[in-house]
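Single-letter residue listing:
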Amino acid sequence: MDEAMETLTMEEAYRQLDELLSEMEDGEHSLEETFTLYRKGVALVQCCNEKIDRIEKQLIVLEERGGAES
């Protein structure tokens, strides 16, 4: 994941995905432009998935620590 995407919040990433989708749906882009927008969208989805995975791992660690202390 590139540095620009690393700094995005989930909300910003979803907002950008929504904007890309709107651009692609308007049908005013060439095939090449649409493909570029699609690639950006895929990168944003991967960014979101990586952020979610990290959070899930942190939650698992916290749950394991909490369970050991009980």
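In what follows, the structure referred to is the one given above.
Definitions and cut-offs
- Residues numbered from 1 in each chain as written.
- Predicted model: local features only at pLDDT ≥ 70, side-chain atom pairs only at ≥ 80, totals over all residues.
- Heavy atoms only, no water.
- Patch = residues over 30% accessible without salt bridge, like charges linked within 9 Å, V, L, I, M, F, W, Y side chains within 5 Å.
- Areas by Shrake-Rupley, 256 points an atom, 1.4 Å probe, with all protein chains shown as cover.
- Salt bridge = Lys/Arg side-chain N within 4 Å of Asp/Glu carboxyl O.
- Helix = DSSP H or I, 4+ residues; strand = E, 2+ residues; numbered from the N terminus.
- Buried < 20%, exposed > 50% of the residue type's maximum accessible area, 1.4 Å probe, protein only.
- Lys, Arg positive; Asp, Glu negative; His and termini not counted.
- Polar contact = N/O pair within 3.5 Å; in protein donor to acceptor, adjacent residues only side chain to side chain.
- Contact = heavy atoms within 4.5 Å.
- Core = buried A, V, L, I, M, F, W, Y, C linked by side-chain atoms within 4.5 Å.
- Charge placed at Lys NZ, Arg CZ, Asp CG, Glu CD.

**Student:** Outline a nonpolar patch on the surface, listing residues and values.
**Tutor:** A contiguous nonpolar surface patch, about 290 Å² in accessible area, is contributed by F35, Y38 and V42. Take V42: it is sitting in helix α3 (residues 31–69).

**Student:** So what's going on with the pattern of salt bridges? Residues and values would help.
**Tutor:** Under the counting rule described, the total for this entry stands at one salt bridge. Between R54 and E6 there is a salt bridge, with its nearest N and O atoms 3.5 Å apart. A residue pair is termed long-range when its members are at least 10 positions apart, and R54 in helix α3 and E6 in helix α1 (residues 3–6) qualify at 48 residues. According to the relative accessible area criterion, R54 is partly exposed, its value standing at 37%.

**Student:** Describe in detail the side chain of K51, supporting the description with residues and values.
**Tutor:** Among the secondary structure elements, K51 is positioned in helix α3. One buried charged residue, K51, forms no salt bridge at all, with the nearest opposite charge on E6 at 4.9 Å. Reaching out from K51, the side chain makes a polar contact with the backbone oxygen of L8 at a distance of 2.8 Å. Not counting the four nearest positions on each side in its chain, K51 is found in contact with M5, E6, L8 and M10.

**Student:** Can you explain the environment of E23? Please cite residues and give values.
**Tutor:** Tracing the sequence through the fold places E23 in helix α2 (residues 10–25). A C-alpha to C-alpha distance of 30 Å links E23 and I55, two positions 32 residues apart in sequence. Excluding anything up to four places from it in sequence, E23 contacts H29 and L37.

**Student:** Report on the nonpolar core, specifying residues and quantitative values.
**Tutor:** Nonpolar side chains tend to gather and get buried jointly when the protein is soluble and globular. In this structure, M5, L8, M10, A13, L17, L20, L37, L44, C47 and C48 together form the largest nonpolar core, which totals ten residues. At the level of elements, α2 and α3 are the ones that each hand at least two residues to this core. Those residues in contact with M10, other than ones at most four positions away along the chain, are C48, K51 and I52.

**Student:** So what's going on with a negative patch on the surface? Which residues, and what values?
**Tutor:** A surface patch of like charges, here negative, comprises D18, E19, E23, E25, D26 and E28. Here D26 shows up in the loop between α2 and α3.

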